[in-house]
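Here's the letter readout for the chains.
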Amino acid sequence: MAEGGIPDDDISLPRTAVNKLIKEMLPNMRISNDARELVLNCCTEFIHLLAAESNEECGRQAKKTIGPEHILAALKGLGFDHYVPEVEDVLEDYKIQATQNKRKATKLEDLGIPEEELLRQQEELFAQARMQQLQMDQEEQARAVAAAAAAAQASTSAASGGMLADSAQHAGNGGAGMTAAQRQLAQFQAITAAAAGPQPPSST
Amino acid sequence: MSAQQEQRPPAAADDEEEDSPMEDEGDEGEAGENQGQSNSDTLCRTRLPLSRIKALMKSDPDVGITSHEAAFLVCKATEMFIGTLSKLSYTKTHMAKRKTLQKKDVEAVFPDCDEYSFLDGT
């Protein structure tokens, strides 16, 4: 709802809200439209009066912002003392609510980082993790390819080496949970070791 | 009609014919935002829109910045004001033995109490 087209002097409270309040006070009464209009205008005057008086009170206390204590002092000064107890109660409720809200907010704010920044950082961490995983996968693949190539080469050049095959077999069966790449790597290592000199087969 | 600002139960009698169906410029939308705080707080719910109250206060060029708390109290004080003004006006209607509260009943309240003297001429 835009108030842009309405000059400041013409603003008032919404009629529906004011009518509801009147109706709650006088549920069984009929109220004429001009009476409602007058009550509405009286509200505007009341708010202006309260604002002006509170502003003066604020000035007297050499403060820049009108606070609740100024409103309370203004009410007393204007002859609305009978409002003060209920208004003070409402102020207490407000403060309780504000404390509760602050506690909820502080959990995140403890980091000193606003929420949007936290989300951004989280996204960054996810992206980094993805990159790292990708790199690891690529490296493993490269090792596996190298091992396979070396193994292929070694097996063609040392086809008579029964020991080699044994070693490779032992190495190959070393761990049930080994990946194909790890097995190939182990085979390669076994072949290399065998090529260096006759050695007892090592189990891995 | 929007009722999201309601906290108390609706009135017993439904006096619809006196309610003007044409309310002023979309005030329903504004009344719906009168929760005052960004979080949904049952304790801090107001019946009148805080933004409108603040706007009314600011329309006085002499009035400086108002804290949220202060605007909230002005809101509550205004709600109380509507209540007491309505009740006092009703006593005038009742004395005149009428069933409809009229403008003159409201006006008759002003001279009775000093605190309402500011309303003379409204």
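Now for a look at the structure at hand.

Rules of the game
- Residues numbered from 1 in each chain as written.
- Chains lettered and ligands numbered in written order.
- Predicted model: local features only at pLDDT ≥ 70, side-chain atom pairs only at ≥ 80, totals over all residues.
- Heavy atoms only, no water.
- Helix = DSSP H or I, 4+ residues; strand = E, 2+ residues; numbered from the N terminus.
- Contact = heavy atoms within 4.5 Å.
- Buried < 20%, exposed > 50% of the residue type's maximum accessible area, 1.4 Å probe, protein only.
- Lys, Arg positive; Asp, Glu negative; His and termini not counted.
- Salt bridge = Lys/Arg side-chain N within 4 Å of Asp/Glu carboxyl O.
- Core = buried A, V, L, I, M, F, W, Y, C linked by side-chain atoms within 4.5 Å.
- Expected span 1.5 Å × (residues − 1).
- Patch = residues over 30% accessible without salt bridge, like charges linked within 9 Å, V, L, I, M, F, W, Y side chains within 5 Å.
- Areas by Shrake-Rupley, 256 points an atom, 1.4 Å probe, with all protein chains shown as cover.
- Charge placed at Lys NZ, Arg CZ, Asp CG, Glu CD.

**Re the overall build of chain A**
Looking only at helices and strands, one finds 7 helices and 2 strands in chain A. Overall, chain A shows an N-to-C arrangement of helices and strands of α-β-α-β-α-α-α-α-α. For chain A, the share of sequence-separated contacts (at least 6 apart) that also reach a separation of at least 24 residues comes to 42%.

**Notes on the side chain of E115 of chain B**
Within the secondary structure, E115 of chain B is located in the segment after α4 (103-109). Among buried charged residues, E115 of chain B stands out as having no salt bridge; its nearest opposite-charge side chain is K87 of chain B, 12 Å away. Ignoring sequence-local partners within four residues, the contact set of E115 of chain B consists of L78, G79, F80 and H82 of chain A.

**Overview of the nonpolar core**
One finds L75 of chain A together with F81 of chain B to be the most contacted residues of the largest nonpolar core, which totals 58 residues. Not counting the four nearest positions on each side in its chain, F81 of chain B is found in contact with C42, C43, F46, F80 and Y83 of chain A together with Y116, F118 and L119 of chain B.

**Some remarks on helix α3 (residues 68-95) of chain B**
The terminal C-alpha atoms of α3 of chain B, which comprises 28 residues, lie 41 Å apart, in line with the 40 Å expected from a rise of 1.5 Å per residue. Remark: K97 of chain B follows α3 of chain B within two positions and exhibits a positive phi of approximately 60 degrees.

**Here's the deal with a negative patch on the surface**
All names here are of chain A. On the surface, E86, E88, D89 and E92 cluster together to form a negatively charged patch. Along the chain, E86 turns up in helix α4 (residues 84-109). Taking relative accessible area as the criterion, E86 reaches 46% and is therefore assigned partly exposed.

**What about the environment of K99 of chain B?**
For K99 of chain B, the position within the fold is in the loop between α3 and β2 (100-101). In contact with K99 of chain B, not counting residues within four places along its chain, are M29 and R30 of chain A.

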